[in-house]
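Chains, contacts and geometry: an overview
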Amino acid sequence: MIKFEHVSKQYERNGVTTQALNDINLTISKGDIYGIIGYSGAGKSTLVRLINFLEKPTQGNVIIQNKVLNQLSSTELRQTRQKIGMIFQHFNLLESKTVFENIAIPLILIKKDKHSIKQKVYELLEFVGLSDKANSYPKELSGGQKQRIGIARALANDPDILLCDEATSALDPQTTQAILDLIKKINEKYKITVVLITHEMHVIEQICHKVAVMEKGKIIEQGNVLEVFGQP
Ligand code: ADP
Ligand code: ADP
């Protein structure tokens, strides 16, 4: 499903080289909820950008759904990318658009017809429990509600993979719990593979099956959550 083979990534900026990832080997199987944990600067966001095809590896292979990233045509790249949904720490909703329009964006981009867009958006709104908010604007929503809309948008293209980048870091503990429960439900109901980036251990302990611990661009430990962190 998601495989990193000896992946390294260097950034070059103003003559300075930063080794963001250093020989990463990682296999995330279909249906996993896989946590990636590490301090700021460990390389987590770079890893996400490689999965989402926003960056290319300097060395090694990134393989998504049996497709080697570096060998894809731009059409294949776009198609594979459409099957990856993403949610963010600060939700990344468009403030000038309604909730309905925000969720519809990925569907408009692939030129779905109006009727199926409407049907899909209302189905997603119902799934995330916000059917009454279709015509609201993001600024009228709480953080937890905004993240539910972010989730609905991420699910619009029926993704195979859901990438969660610090998706609960801006939320209070109770709201965090509700969002984690929703992510778990998505994983169980739709069999979507979840990759969850966080610096918070309790988030990993609550919903992840497996975890990789990153430090300075390397994975220093990986395995089942209980093996890596021990019994709670
Ligand atoms: P994390 O998400 O764990 O905080 P990042 O992947 O953002 O880690 O960063 C890993 C390292 O790569 C850091 O040293 C960071 O400064 C550097 N880095 C990240 N993105 C860029 C970039 N676009 N250009 C230059 N350096 C970068
Ligand atoms: P930009 O080029 O300005 O970063 P994008 O075209 O990448 O914008 O994204 C447009 C909107 O869709 C943004 O709000 C962004 O957060 C969101 N978005 C981007 N990629 C994804 C994705 N894979 N899943 C869900 N939302 C996404």
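The name an unreviewed UniProt entry assigns to the protein chain is Cell division ATP-binding protein FtsE, from the organism Gilliamella intestini. According to its UniProt record, the protein chain has this under Sequence similarities (unreviewed entry): "Belongs to the ABC transporter superfamily." Listed under Subcellular location (unreviewed entry) in UniProt, the entry text for the protein chain is "Cell inner membrane".

Another aspect to go through is the site of ligand 2. The environment of ligand 2 is formed by Ile84, Gly85, Met86, Phe88, Asn92 and Arg153. Backbone polar atom of Asn92 to an oxygen atom of ligand 2: 2.9 Å apart, as the coordinates give it. For ligand 2, whose unbound accessible area comes to 550 Å², protein coverage reaches 50%. Considering only residue class, the shell around ligand 2 consists of 3 nonpolar, 2 polar and 1 charged.

If you walk across this open sheet you meet the 4 strands as 2-1-4-5, and the pairing is antiparallel. Both edges of this open sheet fall to strand 2 (16-28) and strand 5 (67-68), since each of them pairs with a single strand only. Contacting strand 1 (2-13), strand 2 and strand 4 (59-64), helix 1 (residues 44-51) runs over the sheet at an angle of about 115° to strand 1.

What follows concerns the site of ligand 1. Around ligand 1, the structure places 13 residues, and the nearest of them are Gly41, Gly43, Lys44, Ser45 and Thr46. At a separation of 3.1 Å, an oxygen atom of ligand 1 approaches a polar backbone atom of Ala42. Ser45 is positioned such that a nitrogen or oxygen atom in its side chain is 2.6 Å from an oxygen atom of ligand 1. The leading source of residues in the shell around ligand 1 is helix 1, at 4 residues. For the shell around ligand 1, a count of residues per class yields 4 nonpolar, 6 polar and 3 charged.

Moving on, we get to the side chain of Asn102. You can see Asn102 is positioned in helix 3 (residues 99-109). Owing to a relative accessible area of 0%, Asn102 belongs among the buried residues under this scheme. Engagement of the side chain of Asn102 in a polar contact is seen with the backbone oxygen of Lys97, the distance being 3.2 Å.

As a further point, take the packing of helix 3 against helix 4 (residues 114-127). Relative to each other, helix 3 and helix 4 sit at 125°, their axes nearing to 10 Å. It follows from the interaxial angle that helix 3 and helix 4 lie oblique. Of the two possible hands of crossing, helix 3 and helix 4 adopt the one that is right-handed. For the pair formed by helix 3 and helix 4, the contact residues are Val99, Phe100, Ile103, Ala104, Leu107 and Ile108 on the first element and Ile117, Lys118, Lys120, Val121, Tyr122, Leu124 and Leu125 on the second. For the contact of helix 3 with helix 4, the residue count by class is 11 nonpolar, no polar and 2 charged.

Here we take up the pattern of salt bridges. Scanning the entire structure with this criterion turns up 5 salt bridges. In this structure, Glu55 and Lys9 form a salt bridge, with 3.3 Å as the shortest nitrogen-oxygen distance. Of the two residues, Glu55 sits in the loop between helix 1 and strand 4 while Lys9 sits in strand 1, which places them 46 residues apart along the sequence. Here the two residues Glu55 and Lys9 agree in accessibility, since each one is buried. The salt bridge partner of Lys120 is Glu123, with a shortest N-O separation of 3.8 Å. Here the residue Lys120 and the residue Glu123 both occupy positions in helix 4, the gap between them amounting to 3 residues, near one helical turn. A residue is classified by how much of its surface remains accessible, and Lys120, at 15% relative accessible area, is buried. Glu123 sits in the partly exposed class, given a relative accessible area of 44%. When salt bridges with common partners are traced through the structure, they connect Lys9, Arg49 and Glu55 into a single cluster.

Reading the values: rules and limits
Residues numbered from 1 in each chain as written. Chains lettered and ligands numbered in written order. Predicted model: local features only at pLDDT ≥ 70, side-chain atom pairs only at ≥ 80, totals over all residues. Heavy atoms only, no water. UniProt positions renumbered as here; feature names shortened; annotations may be inferred. Near = heavy atom within 4 Å. Polar contact = N/O pair within 3.5 Å; in protein donor to acceptor, adjacent residues only side chain to side chain. Areas by Shrake-Rupley, 256 points an atom, 1.4 Å probe, with all protein chains shown as cover. Nonpolar A, V, L, I, M, F, W, Y, C, P; charged D, E, K, R; others polar. Pairing = 2+ DSSP bridges. Helix = DSSP H or I, 4+ residues; strand = E, 2+ residues; numbered from the N terminus. Contact = heavy atoms within 4.5 Å. Axes fitted to C-alpha atoms, helices over the stretch in contact; angles between N-to-C directions. Buried < 20%, exposed > 50% of the residue type's maximum accessible area, 1.4 Å probe, protein only. Parallel < 35°, antiparallel > 145°, perpendicular 65-115°, else oblique. Left-handed = near helix turned anticlockwise from the far one by under 90°. Salt bridge = Lys/Arg side-chain N within 4 Å of Asp/Glu carboxyl O.

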